[in-house]
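# Residue-level structural notes
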Amino acid sequence: MSDKNWISHLLIRIFALPIAFIMLYMIILGGRSDSMGLGLVYAFLALAIIGVLFLAIEAIWLYRKKSLNKFLANIGILSVLLLVLLMLFGGR
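What counts and what doesn't
- Residues numbered from 1 in each chain as written.
- Predicted model: local features only at pLDDT ≥ 70, side-chain atom pairs only at ≥ 80, totals over all residues.
- Heavy atoms only, no water.
- Core = buried A, V, L, I, M, F, W, Y, C linked by side-chain atoms within 4.5 Å.
- Buried < 20%, exposed > 50% of the residue type's maximum accessible area, 1.4 Å probe, protein only.
- Helix = DSSP H or I, 4+ residues; strand = E, 2+ residues; numbered from the N terminus.
- Contact = heavy atoms within 4.5 Å.
- Axes fitted to C-alpha atoms, helices over the stretch in contact; angles between N-to-C directions.
- Parallel < 35°, antiparallel > 145°, perpendicular 65-115°, else oblique.
- Left-handed = near helix turned anticlockwise from the far one by under 90°.
- Nonpolar A, V, L, I, M, F, W, Y, C, P; charged D, E, K, R; others polar.
- Expected span 1.5 Å × (residues − 1).
- Bend = angle between axes of the 7 residues up to and from the residue.

## Some points on the nonpolar core
Listed in full, the eight residues of the largest apolar core are Leu45, Ala48, Val52, Leu55, Ile77, Leu78, Leu81 and Leu85. Those elements that provide at least two residues to this core are helix H2 (38–64) and helix H3 (68–90). Apart from the residues within four sequence positions on either side, isoleucine 77 is in contact with Leu10, Arg13, Ile14 and Leu55.

## Some words on the packing of helix H1 (residues 6–29) against H3
The N-to-C vectors of H1 and H3 enclose an angle of 25°; their axes lie 9 Å apart at closest approach. Compared by their axis directions, H1 and H3 come out roughly parallel. When the axes of H1 and H3 are compared, the crossing they make is right-handed. Contacts from Trp6, His9, Leu10, Arg13 and Ile14 in H1 reach Asn69, Lys70, Ala73, Asn74 and Ile77 in H3. Residues that form the contact of H1 with H3 fall into these classes: five nonpolar, three polar and two charged.

## Some details on H1
Because each turn of an α-helix spans 3.6 residues, side chains separated by three or four positions end up pointing in the same direction. Under the 1.5 Å per step criterion, the end-to-end length of H1 is 35 Å for 24 residues, consistent within 8% with the ideal 34 Å. Along H1, the helix axis deviates most sharply at leucine 17, where the bend reaches about 25°; the proline proline 18 sits within four residues downstream. Looking only at H1, the buried set comprises His9, Arg13, Leu24 and Leu29. On its buried side, H1 packs onto H2 and H3.

And the structure:
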């Protein structure tokens, strides 16, 4: 394969998720308290939706660039995010 650093690509994406979640949570709260915990739900949904869009666009770009291992890493993360979103919206 031409791309040998797919593990670092995957790790960067995985470690960026909690950082992005914390940033979105702080932005959504805007200095207010979160007594009911809805800020957590909104931050997670926003992160999942933004993450799905970002990873889908990047997966298409990586597929066209012929970076198969990075493409498969993105598809793996994307499938987990979509599964979580479907479970949240499905209520199960």
